[in-house]
Amino acid sequence: MVKEKLFKKEQEIILAGGCFWGVSEYFSRLKGVISVKCLYIDGNIKNPTYADLKSGKASHAEAVLIKYNNLIDLKTILKNFLLIINPFSLNKQGNDIGIQYRSGVYYQGSQEKELILTYFKDYFKEDFPKIQIQIKERNDFYLAEEYHQDYLKKNKNGYCHIDFNIMPKEDKN
């Protein structure tokens, strides 16, 4: 009974912040994150592939679905998200350039939307209108191919635009 109270129903959020390999790895290391999956969201075709994104056939963003419990909250997830992206960069993170590398937060419901907007407005203050982070209700999304899942765990020397040394100690697993 005590365990049930400690770990309430899991929640989820979808974030896009450049190449999903690094975003996935970064969030998988946070205390309270249960799982992270690479996916494609906010695009023009059904069932896109990585090749579709690279060729320009698909307009989806590379994103991650983060499932988490009450050991972490959405504000902490957003704080960490802002550590790994340039919020003023349009369609670019690190060396990756293109619409598939746009930044976004894809929410479920008006309560989550308000929390996200309030957090970003408080954080950025007068610079809020300048951010290039899409804040949109989540729509259809598609899991990325299996070889993208846990890519940096499988490929220790794989490319990543994120510096994992910036992770706050209190948020780490």
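So, here is what we can say about the structure in this document. Since this is a predicted model, take the numbers as computed values, not measurements. For every chain, the first residue of the written sequence is number 1, and numbering continues from 1 onward in sequence order. Side-chain atom pairs in this predicted model are given and counted only at pLDDT of 80 or more, local residue features only at pLDDT of at least 70, and totals for whole chains, interfaces and linings cover all residues. Just so you know, side-chain values use all the structure's heavy atoms and leave hydrogens and water out.

### Focus: the pairing of strand β1 (residues 11–17)
No. 1: The rule is simple: take the accessible area with a 1.4 Å probe, protein chains only, and divide by the maximum for that residue type; under 20% is buried, over 50% is exposed, in between is partly exposed. Helix and strand assignments come from DSSP, with helices taken as H or I runs of at least 4 residues and strands as E runs of at least 2, each series counted from the N terminus. Extensive coverage of β1 is indicated by the burial of six of its seven residues.
No. 2: Strand pairing follows a simple DSSP-based rule, namely that at least 2 bridges must link the two strands. Note that β1 and strand β3 (residues 61–68) share five bridges and pair antiparallel. Pairing of I13 across the sheet is with I66, part of β3.
No. 3: Direction of pairing for β1 relative to strand β6 (residues 103–107): antiparallel, over a ladder of four bridges. In the strand pairing of β6, I14 is matched with Y106.

### Some points on the sheet that holds β3
No. 1: Here we have six strands laid out as an open sheet, ordered β7-β6-β1-β3-β2-β8, and mixed in their pairing. Each edge of the open sheet carries a strand with a single partner, namely β7 (133–137) and β8 (141–143). Strand-to-strand, the axes of this sheet are offset by a mean angle of 30°, without reference to chain direction.
No. 2: Working rule for contacts: check all heavy atoms of both residues, and any pair within 4.5 Å makes them a contact. Fitted lines through C-alpha atoms serve as axes, helices being fitted only where they are in contact, and the angles separating the N-to-C directions of these axes extend from 0 to 180 degrees. Those strands touched by helix α4 (residues 74–84) are β1, β3, β6 and β7, and its axis lies near 15° from that of β1.

### Here's the deal with the nonpolar core
No. 1: Residues grouped as a nonpolar core are buried Ala, Val, Leu, Ile, Met, Phe, Trp, Tyr and Cys residues, joined through side-chain atoms within 4.5 Å. Residues I13, L15, F27, I66, I77, V105 and F120 are the most contacted members of the largest nonpolar core, which totals 44 residues.
No. 2: Take this core: its biggest share by element is six residues, from α4.
No. 3: Beyond its immediate stretch of four places on either side in the chain, I66 contacts Q11, E12, I13, L15, F27, V33, S35, V36 and I77.
No. 4: Of all hydrophobic cores here, the second largest spans eight residues; its members include I14, A16, A61 and Y106.

### Re helix α2 (residues 20–28)
No. 1: Of all nine residues in α2, eight are buried, a share of seventy percent or more.
No. 2: Within α2, burial applies to F20, W21, G22, V23, S24, E25, Y26 and F27.
No. 3: On its buried side, α2 packs onto β1, β2 (33–41), α3 (50–55), β3, α4 and α6 (151–154).

### With respect to the pattern of salt bridges
No. 1: Between Lys or Arg on one side and Asp or Glu on the other, a salt bridge is scored when a side-chain nitrogen of the former is within 4 Å of a carboxyl oxygen of the latter. Applying the stated criterion to the full structure yields eleven salt bridges.
No. 2: Among the salt bridges present, the one from E12 reaches K67, with a minimum N-O distance of 3.9 Å. Taken together, the residues E12 in strand β1 and K67 in strand β3 connect sequence positions 55 residues apart.
No. 3: For R102, the salt bridge goes to D42, with nearest N and O atoms at 3.4 Å. On the criterion of sequence distance, the pair formed by R102 in the loop between β5 (96–97) and β6 and D42 in the loop between β2 and α3 is long-range, its members being 60 residues apart.
No. 4: Here R102 falls in the buried class, since its relative accessible area comes to 7%.
No. 5: The structure contains a network of salt bridges with shared partners spanning E10, E12, K67 and R138.

By themselves, these figures tell us nothing about what the structure is for.
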